[in-house]
2 protein chains.
Amino acid sequence: MALTMTPKERRQAKTRQAILDTARKIINSKGIDGLSIRSIAKAIDYSPAGLYEYFASKEEIVWAVCSQGQNRLYEAMAQVDPALPDVEYVIELGSAYLNFAAEYPDFFLLMFTTAPQSMRNQAPPGKEIDKEMMGQDSAFTILVEAMGRGVENGTFVLLQNQTVMELAINAWIQVHGTAMLWLTQLRYLNIPLEHIARQSQTTFVRGITR
Amino acid sequence: MALTMTPKERRQAKTRQAILDTARKIINSKGIDGLSIRSIAKAIDYSPAGLYEYFASKEEIVWAVCSQGQNRLYEAMAQVDPALPDVEYVIELGSAYLNFAAEYPDFFLLMFTTAPQSMRNQAPPGKEIDKEMMGQDSAFTILVEAMGRGVENGTFVLLQNQTVMELAINAWIQVHGTAMLWLTQLRYLNIPLEHIARQSQTTFVRGITR
DNA sequence: TTGATTGCCGAACACTGTTCGGATTCTAGA
DNA sequence: TCTAGAATCCGAACAGTGTTCGGCAATCAA
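Counting from 1, residues in each chain are numbered in the order their sequence is written. Numbering of ligands from 1 and lettering of chains from A proceed in the order in which they are written. Per-residue local features are limited, in this predicted model, to residues with pLDDT of at least 70; the limit for side-chain atom pairs, both in listing and counting, is 80 or more; totals at the level of whole chains, interfaces and linings are taken over all residues. Side-chain metrics rest on all non-hydrogen atoms present in the structure, leaving aside hydrogens and water.

1. So, the pattern of salt bridges
Residues and elements named next belong to chain A.
- By definition here, a salt bridge exists when the distance from a side-chain nitrogen of Lys or Arg to a carboxyl oxygen of Asp or Glu is within 4 Å. One pass over the structure, following the stated rule, counts four salt bridges over all chains.
- D21 is the partner of R24 in a salt bridge, and the nearest nitrogen-oxygen pair spans 2.9 Å. Of this pair, R24 and D21 both sit in helix α1 (residues 7-30), three residues apart, which is roughly one turn of the helix.
- For the salt bridge of R149 with D86, the shortest nitrogen-to-oxygen distance reads 3.1 Å. Of this pair, R149 sits in helix α7 (residues 139-152) while D86 sits in helix α4 (residues 86-103), placing them 63 residues apart in sequence. Helix numbering and strand numbering both begin at the N terminus, where a helix is a DSSP run of H or I of at least 4 residues and a strand a DSSP run of E of at least 2.

This is the structure:
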């Protein structure tokens, strides 16, 4: 797609990306409260007003950062080897999810808490954060396919009237709960993530295998 | 304790509680972004500066609101009948947790996401939000005792080298993940909470029973 | 009746996101 | 090449935020 762009469009895209990159860096270093229009502007040698040529509001910037975060999460999970056995594959997918959360805590919390709330109203039509999550090339899709494969192979067993997607949601719940609880509570009690994550995953696998 | 207070202290406590009550109401109606010092002050016929006689900062107000929220969550879970069989008891505890989250979504999200982050630094010493969570008369304590009882009765089985507290953390992860994922994602996809919660709890119980 | 403390407020400060008008600079068409 | 118009960008301002400070009353202790 970059080949079909005019020089003007390329400049625009470059500036847009520079804004998003600095915004993401500030979030990862100073947290979401340390992110201001003026701090972004100063970092890229722009006037605060100048940013509004590229984004309509601060929320739109944060939304775009989160949207790219979903892609990063997808790529992290897509790197897990699908040739692994069913159980190991699902566990490794979960570990990729958790590593992402542990590496970028503020970013992860932003993507899954404050972001979906306040930005639901003015996200680009057809590109809401939930559609983004469920759509093609999303992290959740990888999980659905992994669970579906396990069910077909007879490795995982469905509950009564349970669909594969619902099973995937349950897997998501388990790993997401681990990430959220560790980020907001357990890590301050010096409880290591790997320790509790292994237990949680083991119990979950025990619950869905026969 | 209210009996040992001087009239002056009673007045102070009354005003403090009025501040916290209005703050909680604003959070539940307008969300956390709708909460401002000036909006609280206007609601109780005070000047913005007047509130600083009772709380040192806005964050201290939010912290106190969250702290009282922990108590409300504890009371909700304490009302579950302990005479229930092990499995039903744990499930009902989880349902109480989920009902709380569904009834006060913004409040719940505040308690478990933005709050623990930003207020860790200047919470009253010995009263950090995590100590609050793990301490006596906390919601988590109820869960620990419930799991411990189930283990003693042989209803629940521990993993290798797993403690009862770790098992309780896993139960917490499961129910917390359900709450968070539904509040931030699933409810916008019109997925009913009861539906997905039942599956999640069933799978978890299946994972910890022999 | 003093003197001091408490309770409360108006005004101000530094910050935030955002808008608007006016400068530049770039670009496309005759 | 010249010019009209669009694309960029900025300074200044506005409304809102949390917070501080000086001072004015009311209350309380001696």
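2. Side note on the packing of aromatic side chains
- The criterion for an aromatic pair is that two Phe, Tyr or Trp rings (for Trp, the six-membered ring) have centres within 6.5 Å, with stacked assigned to planes under 30 degrees apart, edge-to-face to planes over 60 apart and tilted to the rest. Considering all chains together, one arrives at 14 aromatic pairs over all chains under this definition.
- Seen in terms of ring centroids, B:F108 and B:F112 are 4.8 Å apart; in terms of plane orientation they differ by 45°. Their pairing is tilted. Residue B:F108 and its partner B:F112 are located together in helix α5 (residues 105-118), separated by four residues, close to a single helical turn. No difference in accessibility class separates B:F108 from B:F112, as the two residues are buried.
- Taken together, the aromatic side chains of A:Y97, A:F108 and A:F112 make up a single cluster linked through ring pairs. Using a 1.4 Å probe on the protein chains alone, a residue whose accessible area is under 20% of its type maximum counts as buried, one over 50% counts as exposed, and one in between counts as partly exposed.

3. So, the relation of the copies chain A and chain B
- You can overlay chain A on chain B at an RMSD of 0.0 Å; the transform is a turn of 180° with a shift of 0.0 Å along its axis. Such values leave the two copies arranged in the relation of a two-fold axis. Least squares is used to superpose the copies, and the fit set is the C-alpha atoms of residues whose pLDDT is at least 70 in both copies.

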